[in-house]
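Coordinate inspection notes
Residues per chain, in single letters:
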Amino acid sequence: MFKTICALLGDPVNPMISMCALPVAGGVLACLSRGRSRGALRMAVALLFGAANLVFALSLYLGGGASGALALGVQGLELRLAVSGIAALMLPFAGLLFLIVAVYAASWFHKREGGGAYMLLLFISLGMLNGALMADNLGVLLFFWEGLLCTLFGLLLIGRRENSKAAVKALALSGTADLILMLGILATARLAGSASMSEIAARPLSADGPGALGCACMLLGAMGKAGAMPFHSWIPEAASDAPAPFLAAFPGSLEKIAGIYLATRIVTDLYEFAPGSPMSLFVMVAGAVTLFFGVAMALIQKDMRRLLSYHAISQVGYMLLGIGTGLPVGIAGGVFHMMNNALYKTGLFVAAGAIEDQTGTTDLHKLGGLRRAMPVTAACFFVCALSIAGVPGTNGFFSKELIFDAALESGTIFYVAALAGAFMTAASFLKLGGAAFFSEARLPQGRRNIREARLGILIPAVLLAALCVLFGAYNALPLQTLIGPALGDAHIHAGWPENGTLVLLSSAVLLLALADHVYGRKKGGGALAAADHIHYAPGIKQAYALAERGLLDPYNWLMAAANGFSAACAWIEGGVTWFYDKAVPGLVTGTGQTLRRFWNGSVSRYLIIAVAGVACICLIFLLAALGEVAP
Amino acid sequence: MSSILNGIPYVFVAAPLFAFILNNAVPRERMRSHAVALSGGVAALQLAAAILGFALLAASGRGEVRFGLFWSVDAAGAAYLRVNLVSLFLLLCVGFVALASALTAAKTIDDHRCSFANLFMALLLGMNGMLLATDLFTLYVFLEITGTASFVLIAMYKSSKGLEGAFKYLTMSALATIMMLTGLALLFMHTGSLAFADLGAAALSGASGEMDILCYGALALLISGFAIKAGAAPFHSWLPDAHQSADTAVSILLSGIVIKIAGAYGFIVLVELFGDLYAVRLSVAALGVATIAFGALLALVQTHFKRIAAYSSVSQVGYILFGIAAGSPLGLVGALLHVFSHAAFKSTLFSGAAALHEQLGTLDIEQMGGLQKNMPVTGFASVTSFLSAAGVPPFAGFWSKLLILISLWQAGWIGLSAAALGLSILTGAYFLRLQKKVFFGPRNPRWDDVKEIGGTIRASQIVLSAVNLGAGLCFPLVLLYLQSIGLI
């Protein structure tokens, strides 16, 4: 059937253009929905267009990819779209996740304001993401990449025209990353003599020497989109007040897909990325730092949204760590982890959204005992939480084991960092789960009658949890059927990990986290305070205080530097203005007044001046006669 | 054609003379109402004759037309007057400014109209004579005629200010007379002739090639004398008093043309004759710098409309001196064109002064403000005058200043060129201050009922604004024409 659709559409470029154009059309339709039934209309549009997009994506994937150039190509810049390998896999995966988050968003905005604009931008984002995944030309890729930045900025602005700080921060940080990416693309295209990714992939560039700049800049651009440090700090800020579906769609899944896809392409296709090379070390350090500090910040959060947003940062660290090793197992692990993360992190955000929808708060101080009121949400939450913690048998466990394997091979320090991250991840989810679902119900007045979430929110949550279970139970499906062929490496080991020692160590870390939780609970008097003994430990406490005040945020450093620079400029400008406004006119007018007092109307003075003038002219002639002045 | 060309120069002497006789022959009661019209007619006739003569002379290819006033057997000796392209152009400027002055006088001069016409003719005759002379002494005699007519014109309305201004002018002119006569005497002692043809740098240095120090003294004295007449700094002290206290119609004449013919034309002659001596050009240039700077700085702090205009004239004469000092044909053309553009924009400005004085009764700019609404024509004319003076393209003043700057550059005075450019900012500054205080800003409630001026002053303002802009727009054509006749 898919082949029939392809044949019907003729030129292979048509479905690809459709995948960019269709979502935009859907967004416009959703945005135009008015009246009482606009919620239902939006849901219909989300289902219809999300499913259509998924069908196109699947047809491309099952059809073995496609390639075609746009007719409007300018001389020297071929606007080529090509789908193959990892891109072909990512398209239906992104389509599936989009379908889920679009349904969730349509449901979330059912009775809320701002849904039209949100749906429009969400759909345009899908078009941009599809374009970025399909782009073969680096310039075209950059175009769609910037499009994603624009929609991100727009989404953060919706409903918050007064408080646009998070949007500006996101724009500044992602914009910086995109600028670096642009530099990287320029350097890469110059070095390769071509901007076509498939042409570069035929003869990958060396990541050492002159290629190092291009490779590092492109990787930084990819990391910026994925939300790795130091481009991360807008995410927790946006998490405080952005609509819940935004968190599920963007920091949760779509941005990770884009960023990790590009990082994978750079590492596998564009550059010869040797394990143990400086470039590999650079990515792994970035990954380890992100995963460790991200989860460290997540551990102390007392708000569900902020806690999950810090995990969204920290999980990128694992993916980068895996991809950065440059080993096939690490890259496969990184990509697998990204897919798993998209499933469970979106699931967690949807569950958090369901709780927020029902209780009106995400503050963990005010939540508790929800497992009875919202059993399905609780079940989905626990499946996803077990996955993210990497409990043996879950999908997160398998991808993490691959990454651990690769990290240990590359350097013990990275493995230790990853294990420490796993410990804190487990501890923070024990704390979150315990505080929200198990403790005493501590809801605010009038919010006692909590019911199970709406179907439109529950179904996405259940679907995501089910996919997590599927990817965990049959990890051969994602690893050997999907990722292996996409990466051109069919021999990834699926099933139970071969290295038993690593499994034992991971399990031990999880048990340690559980023990720590029980200890912290007793000491702090409640699940919410279970991490306080780490938070307020001597030495660590001060570091956390600095971080909470934003003193460790690179964005704030940059802004402080920018403010200093602008203050200096203002000072200099003030000086220049004073010079022109005060000093020069003052000098001129002062001279004029002095001269005016001098020529005071006295004829005798005038005569004396005139005689002096004659003397001056005679002096000139005298000097000329003596040969002192000459042309 | 040739006979017309030969006849035209006589107009410049005959027209003022016959008008003078007519003015006095007809009984005063009958002449009174026509005296100013007669002045205007003579001015218009001179303007037409100068334009025609310039075109004919340029077309004929002759360098000059010589003529004498009295019939003589010895034709060569009798032809002691001449016109050439330079003098015809300046005669044109004289006629132009005299016409503007007569148009203003029709409104501003009420009593002593016949005396005004008499003095007007004398002034015209003096300036024309200077431009026609072929020897320094004749030049000097006509210069004194010009000066005497000017003193009386300033003083004839018997205000104490007018008398004071005239007295200062007279005192300084006496100094100039002393210096010029001494200088001429020294030159005559050395060369035995004051005819232009017999003078020159070569004539001053004897057989040894060494120059007599007395010749240097003579030149220094002549330059100082002309500097006083031109109002060049530091000899300018008399000028603002004289120009401010005279009637506005007289101010137009004095500021618009007299200082340039009596002073700047003297420098043109001196540089033409002795330009090979570096000291001559250098002292003219030094006078130019001082004049531009002092004039502009002093204009910036005045509060009387006509005094600002007078100091502006001082400053603009500095540019003319710069052009002359360059000593090249291009510099001379620049100076002559600046004489013209300054004549146009300064006449515009003084017409504005006349209009303001007629309608407001005062010329203190501190009491004015916001008059643009009441007097749109005057305000607009003043803006064209300002733009031309500040050297904003495409107004006439831009082109003449540009030529002067280029000629200075070519003469190797790059620093002077830069100074001239920098100091023209001051021109903009004092004109802008004048505009702001008079025409823009909040209006003094005292002037709520003030109306725009009408009659000949309005006509003259409109025509002069058109000249400010039109001359600038036509300038490329003028340049092509000058090129075709080989002036540059």
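Residues numbered from 1 in each chain as written. Chains lettered and ligands numbered in written order. Predicted model: local features only at pLDDT ≥ 70, side-chain atom pairs only at ≥ 80, totals over all residues. Heavy atoms only, no water.

Quick notes on the overall build of chain B
Test applied: Secondary structure elements follow DSSP: runs of H or I no shorter than four residues count as helices, runs of E no shorter than two count as strands, and numbering proceeds from the N terminus. Think of it in three bands: with a 1.4 Å probe and only protein chains considered, a residue is buried below 20% of the maximum accessible area for its type, exposed above 50%, and partly exposed in between.
Of regular secondary structure, chain B possesses 20 helices and two strands. In chain B, which comprises 488 residues, the proportion classed as buried is 63%.

Let's talk about the overall build of chain A
The criterion, for reference: Pairs of residues are marked as contacts when any of their non-hydrogen atoms sit within 4.5 Å. Residue burial considers only the protein chains on display, and all accessible areas are found by Shrake-Rupley using a 1.4 Å probe.
The number of helices and strands found in chain A is 25 helices and four strands. When contacts within chain A are restricted to residue pairs at least 6 apart in sequence, those whose partners lie at least 24 apart make up 79%. Working note: accessible area of chain A is about 25300 Å², and carbon and sulfur atoms make up 68% of it.

Comments concerning the packing of helix H6 (residues 138-157) of chain A against helix H7 (residues 165-192) of chain A
All names here are of chain A. Put simply, the test is: Helix axes are fitted only over the stretch in contact, all axes being lines through C-alpha atoms; the angle between N-to-C directions runs from 0 to 180 degrees. An angle counts as roughly parallel when it lies under 35 degrees, as roughly antiparallel when it exceeds 145, as roughly perpendicular when it falls between 65 and 115, and as oblique in every other case.
Contact geometry for H6 and H7: axes closest at 9 Å, N-to-C directions at 175°. When the axes of H6 and H7 are compared, the pair comes out roughly antiparallel. When H6 is examined against H7, the residues Leu138, Leu141, Leu142, Trp145, Glu146, Leu149, Leu152, Phe153, Leu156 and Leu157 are found in contact with a partner set consisting of Ala166, Ala167, Val168, Ala170, Leu171, Ser174, Gly175, Asp178, Leu181, Met182, Ile185 and Thr188.

Observations concerning helix H21 (residues 500-524) of chain A
All names here are of chain A. How we decide: The length a helix should cover is 1.5 Å for every residue beyond the first.
The end-to-end C-alpha distance of H21 is 35 Å, a good match for the 36 Å that 25 residues give at a rise of 1.5 Å each. Every buried residue belonging to H21 is among Leu502, Val503, Ser506, Val509, Leu510, Ala513, Asp516, His517 and Gly520, and all of these are buried. If you follow the buried residues of H21, they end up packed against helix H16 (375-389), helix H17 (395-410), helix H18 (412-438) and helix H22 (532-535).

Things to note about the interface of chain B and chain A
Quick reminder of the rule: Summed over both partners, the accessible surface that disappears when two parts come together, traced with a 1.4 Å probe, is what is meant by buried area. Salt bridges are identified by distance alone: a Lys or Arg side-chain nitrogen within 4 Å of an Asp or Glu carboxyl oxygen. Any N or O atom pair separated by 3.5 Å or less is treated as a polar contact, with the protein-specific requirement of one donor-capable and one acceptor-capable atom, and with residues adjacent in sequence counted only for side-chain atom pairs. Think of it as three bins: nonpolar holds Ala, Val, Leu, Ile, Met, Phe, Trp, Tyr, Cys and Pro, charged holds Asp, Glu, Lys and Arg, and polar takes everything else, Gly as well.
With 35 residues of chain B at the interface, the matching set in chain A holds 26 residues. Both sides of the chain B and chain A interface together cover about 2600 Å² of buried area, and 84% of this is carbon and sulfur. For the pair chain B and chain A, the interface holds zero salt bridges. The tally of links between chain B and chain A comes to two residue pairs in polar contact (both at pLDDT 80 or more). Of all the secondary-structure elements, those providing two or more residues to the side of chain B that touches chain A are helix H8 (160-191), helix H10 (213-230), helix H11 (238-245) and helix H13 (278-299) of chain B. Considering every element that reaches the side of chain B that touches chain A, the biggest residue donor is H13 of chain B, with 10 residues. Looking at the side of chain B that touches chain A residue by residue, the class counts come to 25 nonpolar, seven polar and three charged.

Observations regarding the state of the cysteines
Residue and element names in this part refer to chain A. As a reminder, the rule being used: Disulfide assignment relies on a single distance test, namely cysteine sulfur atoms paired within 2.5 Å.
Applying the stated criterion across every chain, the model contains zero disulfides over all chains. Lacking any disulfide linkage, Cys215 is separated from the closest cysteine sulfur, that of Cys217, by 9.4 Å. A disulfide-free cysteine, Cys468 has its sulfur positioned 4.5 Å from the sulfur of Cys384, the nearest such atom.

Remarks on the pattern of salt bridges
Taken as a whole and judged by the stated rule, the model has 10 salt bridges over all chains. Of the charged contacts in the structure, one is a salt bridge between Arg454 of chain A and Asp357 of chain A, with a shortest N-O distance of 2.6 Å. Taken together, the residues Arg454 of chain A in the loop between H18 and helix H19 (455-473) and Asp357 of chain A in helix H14 (residues 328-359) connect sequence positions 97 residues apart. Of the residues examined, Arg454 of chain A reaches a relative accessible area of 28% and is grouped as partly exposed. Via salt bridges that share partners, Glu164, Lys168, Asp241 and Arg307 of chain B belong to a single interconnected network.

Structural notes on the confidence of the model for chain B
Residue and element names in this part refer to chain B. Put simply, the test is: The predictor attaches a confidence to each residue, called pLDDT, with possible values from 0 through 100.
Per-residue pLDDT for chain B has a mean of 89; in total, 96% of the residues score no lower than 70. No element of chain B has a lower mean pLDDT than helix H4 (residues 75-78), which averages 60, and none a higher one than helix H14 (residues 305-326), which averages 94. Complex prediction metrics read pTM 0.63 and ipTM 0.86.

Some points on the packing of aromatic side chains
Filter applied, for reference: Aromatic rings from Phe, Tyr and Trp, taking only the six-membered ring of Trp, are treated as a pair when their centres fall within 6.5 Å; an angle between ring planes under 30 degrees marks them as stacked, one over 60 as edge-to-face, and anything in between as tilted.
Scanning the entire structure with this criterion turns up 31 aromatic pairs over all chains. Ring geometry for Phe292 of chain A versus Phe293 of chain A: centroids 5.3 Å apart, planes at 85°, classification edge-to-face. Note on Phe293 of chain A: relative accessible area 43%, which makes it partly exposed. Arranged with centres 4.9 Å apart and planes meeting at 70°, the rings of Tyr10 of chain B and Phe67 of chain B form a pair that is edge-to-face. Residue Tyr10 of chain B is found in helix H1 (residues 2-25), and its partner Phe67 of chain B is found in strand S1 (residues 64-67); the two are separated by 57 residues along the sequence. The exposure class assigned to Tyr10 of chain B is partly exposed, which follows from its relative accessible area of 35%. Note on Phe67 of chain B: relative accessible area 2%, which makes it buried.

A closer look at the packing of helix H16 (residues 376-389) of chain B against helix H19 (residues 455-473) of chain B
Residues and elements named next belong to chain B. Rules: Helix crossings fall into two classes, left-handed where the near helix is turned counterclockwise from the far one by less than a right angle and right-handed where it is turned clockwise.
Contact pair H16 / H19: the axes reach a minimum separation of 9 Å and the direction vectors enclose 30°. Judged on the interaxial angle alone, H19 and H16 are roughly parallel. Between H16 and H19 lies a crossing of left-handed hand. Counting all contacts with H16, which are made through Val377, Thr378, Phe380, Ala381, Thr384, Ser385 and Ser388, the residues of H19 involved are Arg458, Gln461, Ile462, Ser465 and Asn468. Counted by class, the contact of H16 with H19 contains four nonpolar, seven polar and one charged residues.

Focus: the nonpolar core
Put simply, the rule is: Residues grouped as a nonpolar core are buried Ala, Val, Leu, Ile, Met, Phe, Trp, Tyr and Cys residues, joined through side-chain atoms within 4.5 Å.
Core analysis: the largest hydrophobic core is formed by 202 residues, its most contacted members being Leu136, Ile257, Phe267, Phe274 and Leu356 of chain B. Ranked by residue count, the leading element in this core is helix H12 (residues 248-274) of chain B, at 19 residues. If sequence neighbours within four positions are ignored, Phe267 of chain B has contacts with Ile223, Phe226, Ala227, Ala230, Val284, Leu287, Leu321 and Ile324 of chain B. Judged by nonpolar contacts, the second largest core, of 196 residues, contains Ala66, Val83, Ala94 and Phe397 of chain A.

Some thoughts on the side chain of Asn341 of chain A
By secondary structure assignment, the location of Asn341 of chain A is in helix H14. Apart from the residues lying within four places of it in its own chain, the contact partners of Asn341 of chain A are Gly252, Lys256, Gln315, Met319 and Thr346 of chain A.

Things to note about the confidence of the model for chain A
Per-residue pLDDT for chain A has a mean of 82; in total, 94% of the residues score no lower than 70. By mean pLDDT, the top-scoring element of chain A is helix H24 (residues 554-598) of chain A (89), and the lowest-scoring one is helix H1 (residues 2-9) of chain A (54).

Digging into helix H9 (residues 211-226) of chain A
Residue and element names in this part refer to chain A. The terminal C-alpha atoms of H9, which comprises 16 residues, lie 23 Å apart, in line with the 22 Å expected from a rise of 1.5 Å per residue. Burial analysis of H9 places 13 of its 16 residues in the buried class, which makes it a mostly covered element. Looking at the residues trailing H9, positive phi occurs at Gly227, about 90°.

With respect to the environment of Glu498 of chain A
Residues and elements named next belong to chain A. Mapped onto the elements, Glu498 comes out in the loop between helix H20 (476-486) and H21. On the basis of relative accessibility, which here comes to 66%, the residue Glu498 falls in the exposed class. Measuring from C-alpha to C-alpha, the distance between Glu498 and Glu401 comes to 9.7 Å, with 97 residues separating the pair along the chain.

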